[in-house]
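Residue-level structure breakdown
Residues per chain are reported as follows:
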Amino acid sequence: MAAFSGAVFTVAGLYYFYLIYQLPDIRSLQDYQPPLATQILSAEGDSLGFLYKEKRILVAPTELPPQLIQSFIASEDSRFLQHGGLDFLSILRAVWKNLWAGEIVQGGSTITQQVTKSLLLSPEKSFSRKIKEAFLAYRLDQNLSKRDILFIYLNQIYLGHGAYGVEAAAQTYFGKKSKELNLAEGAMLAGLPQAPSRYSPFMNFQRAKERQRYVLKRMVEEGYLSSWEAQTAEQLPLYLTRESDSQGAVAPHLNDMVRKFLYQNFGSDFVLQAGFTVWTTIEAGFQKAAREAVENGTRAVYLRHVFSNPLRQIPPRQDRGLLPTVGPPVG
C-alpha cells in the first residue's frame, strides 16, 4: 500500500513539474501592448470608422466610471479584490447555481483566469489547460497589481461585433466613449462577456435586457447599488447606435480614401494594429444629413415611379422571337 501511495505521489509530482515547465512566461503581460484599431474621426471628433485586426482602443481604469468597473466585477468575479487569482468559493457557487437553473448562468473563472486564458493559453478545452490556467492566474496575481490586471481585462475582453475592450464596445453599441456611459449602458456591456452574440442588443434586445437586469441585481447583492438605483437604471431608455454607423457607414468613401493613403505610406499590417488617430475635415452632422437626404430623395423617386402591374403576360413557349436567342433553341 505504501509503495502504491509513493508511486502515485511520484507520478503526480512529475506531472506537476511537467506542467510547470510548459507554462508560458507571464512577463509579456507586464508590458501589455495589444493590437489597436486605427480610428478615423470627423472634424468635430466624432468617430467615422475604424481600421483594425482587432477593434480595440486602450483606456485606463482611472478613465472609466467607477460603476462600470463595479458592474464587471459584480457579474464576472465578485471577490476579485480579495482572492489570489483563484476563487474556489465562487467556483462552487457557480456550479450550484448552474445546476439549480439547469443551464450555465454563471461562470466560475476569475477575471485573472480569463486574462491568462485569453493571452497566454490556447482555447482548447482540456483538463491540463485548466490546471495551467490556475497556475498562471496565481502567478499573475503575485506579479501584477489588481489595477494592472483590470487594465488588461477591460481592454482585452471580447464584447461582440468585432469590439475588444470596453472603449470599443461603448462606441460600437452606444456611439459614446466609455467614460460617458451611464449605469444602464455599463450594465448592458458587463452582461456581454459570457456570450457576446447571444446577449448582443443588436441581435436580441430582450435577451440583452434580461442580462442587464442580472448585472444590476448582482451589483445590489455586492453592495455597489441600492435596490432603488438598480430599478431606476433598469428603466432608463437605451439608445443604440446603428450597427452600420459603427462600421463606418457615415462616410464610407472618405474611410476608403484614408485607408488607401495609410496603406501606401505605412503598410497595411502596421496600420491595422498601430492605433493611429486620423482627423479629417468631414463634419459628421452635415454628412449624415446629406446621406439621409439622398436616401429620402431616392425613396421618393422610387415611390413616384414604382413598378405596379405588368401590361400583359406572355404564355409559356410564345415568347420566342421577342428576345435574342443564345445557343440552340431549347425544347
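Look up: the structure comes first, before these words.
Summary of the structure given here. As the structure is a computational prediction, the values presented were derived from the model and not from experiment. All chains use their own residue numbering, which begins from 1 and follows the written sequence. Owing to the predicted nature of the model, reporting of local features is limited to residues with pLDDT of at least 70; listing and counting of side-chain atom pairs is limited to 80 or more, with chain, interface and lining totals taken over all residues. The basis for the side-chain values is all heavy atoms of the structure; hydrogens and waters are excluded.

A closer look at the overall build of the chain
We count it as follows: Numbering of helices and strands runs from the N terminus, with a helix taken as a DSSP run of H or I at least four residues long and a strand as a DSSP run of E at least two residues long. Burial classes: relative accessible area under 20% of the type maximum marks a residue as buried, over 50% as exposed, and values in between as partly exposed (1.4 Å probe, protein chains only). Should any heavy atoms of two residues lie within 4.5 Å, those residues are counted as being in contact. The protein chains shown are the only cover counted for residues, whose accessible areas, like all others here, come from Shrake-Rupley with a 1.4 Å probe.
When you go through the chain residue by residue, the secondary structure sums to 14 helices and five strands. Burial status across the chain gives 40% buried among its 331 residues. Pairs at least 24 residues apart make up 67% of the contacts formed inside the chain by residues separated by at least 6 positions. When the accessible surface of the chain is totalled, it reaches about 19500 Å², and 58% of it is carbon and sulfur.

A few points about the side chain of E76
Applied cut-off: The charge count includes Lys and Arg as positive and Asp and Glu as negative, but it does not include His or the ends of the chains. We define a salt bridge as a contact between a side-chain nitrogen of Lys or Arg and a carboxyl oxygen of Asp or Glu at a distance within 4 Å. As used in this structure description, the phrase polar contact means that two N or O atoms lie within 3.5 Å; if the pair is within protein, one of them must be able to donate a hydrogen and the other to accept it, and residues adjacent in sequence are counted only when both atoms belong to side chains.
Assignment of secondary structure puts E76 in helix α2 (residues 66–76). One buried charged residue, E76, forms no salt bridge at all, with the nearest opposite charge on R211 at 4.1 Å. Within the local environment of E76, its side chain forms a polar contact with the side chain of Q114, the two groups lying 3.2 Å apart. For E76, the contacting residues outside a window of four places in its chain are S109, I111, Q114, Y153, A190, P193, Q194 and R211.

A short note on the sheet that holds strand β5 (residues 277–279)
Which entries qualify depends on this criterion: Strands are treated as partners if at least two bridges between them are detected by DSSP. Note on method: axes are straight lines fitted to C-alpha atoms, helices fitted across the in-contact stretch only, with angles between N-to-C directions ranging 0 to 180 degrees.
Taken together, three strands build an open sheet; the order of strands is β2-β1-β5 and the sheet is mixed. Because the sheet does not close on itself, it has two edges, and the strands there are β2 (47–51) and β5. Along the sheet, successive strands turn relative to each other by an average axial angle of 20°, direction set aside. Helix α12 (residues 252–266) rests against β1 (38–41), β2 and β5 of the sheet, and its axis sits at about 40° to β2.

Digging into unusual backbone geometry
For H161, which is not glycine, the phi dihedral falls at a positive 55°. By secondary structure assignment, the location of H161 is in the loop between α6 (146–156) and β4 (163–164).

Considering the packing of aromatic side chains
Rules: Each pair of aromatic rings taken from Phe, Tyr and Trp, with Trp reduced to its six-membered ring, is defined by centres within 6.5 Å and is described as stacked if the planes are under 30 degrees apart, edge-to-face if over 60, and tilted in the remaining cases. Sitting over a ring, as applied to charges here, requires NZ of Lys or CZ of Arg to be within 6 Å of the ring centre and within 35 degrees of the ring normal.
In the structure shown here, the tally under the stated rule is six aromatic pairs. Note on F72 and Y153: the rings are 6.3 Å apart at their centroids and 80° apart in plane angle, and the pair reads as edge-to-face. Separated by 81 residues along the polypeptide, F72 in helix α2 and Y153 in helix α6 bring together distant segments of the chain. Y153 gets classed as buried once you look at its relative accessible area, which sits at 3%. For the ring pair Y158 and Y164, a centre distance of 4.9 Å and an interplane angle of 55° mean the geometry is tilted. Put simply, the rings of F266, F270 and F276 pair up and form one aromatic cluster. The ring centre of F80 lies 4.7 Å from the NZ or CZ of K146, which sits over that ring.

Details of the pattern of salt bridges
For the coordinates displayed, the defined rule picks out ten salt bridges. A salt bridge links K146 to D141, with the shortest nitrogen-to-oxygen separation between them at 2.7 Å. Owing to a relative accessible area of 14%, D141 belongs among the buried residues under this scheme. Close ionic contact of R259 with D256 constitutes a salt bridge, the shortest N to O distance being 2.4 Å. Separated by three residues within a single helix, R259 and D256 lie in helix α12, roughly one turn from each other. On the accessibility criterion, D256 (30% relative accessible area) is partly exposed. Several salt bridges share partner residues, and in doing so they unite R218, E221 and E222 into one network.

Quick look at the packing of α2 against helix α8 (residues 183–190)
Stated precisely, the cut-off is as follows: The handedness criterion is simple: a crossing whose near helix is rotated anticlockwise from the far helix by less than a right angle is left-handed, and one whose near helix is rotated clockwise is right-handed. Any residue that is not Ala, Val, Leu, Ile, Met, Phe, Trp, Tyr, Cys, Pro, Asp, Glu, Lys or Arg is counted as polar, Gly included; the first ten are nonpolar and the last four charged.
In contact at an axis separation of 9 Å, α2 and α8 are set at 35° when each is read in the N-to-C sense. Here the hand of the crossing between α2 and α8 comes out right-handed. The residues of α8 that touch α2, namely those facing Q67, L68, S71, F72, S75 and E76, are L183, G186, A187, L189 and A190. Among the residues forming the contact of α2 with α8, the class breakdown is six nonpolar, four polar and one charged.

Looking at the pairing of β2
Burial within β2 is extensive, with four of its five residues counted as buried. Bridging between β1 and β2 involves four bridges; their strand directions are antiparallel. Looking at β2, one finds that Q39 is bridged to F50. Connecting β1 to the antiparallel partner β2 that follows it, the hairpin turn spans five residues, and G45 within it adopts a positive phi of roughly 95°.

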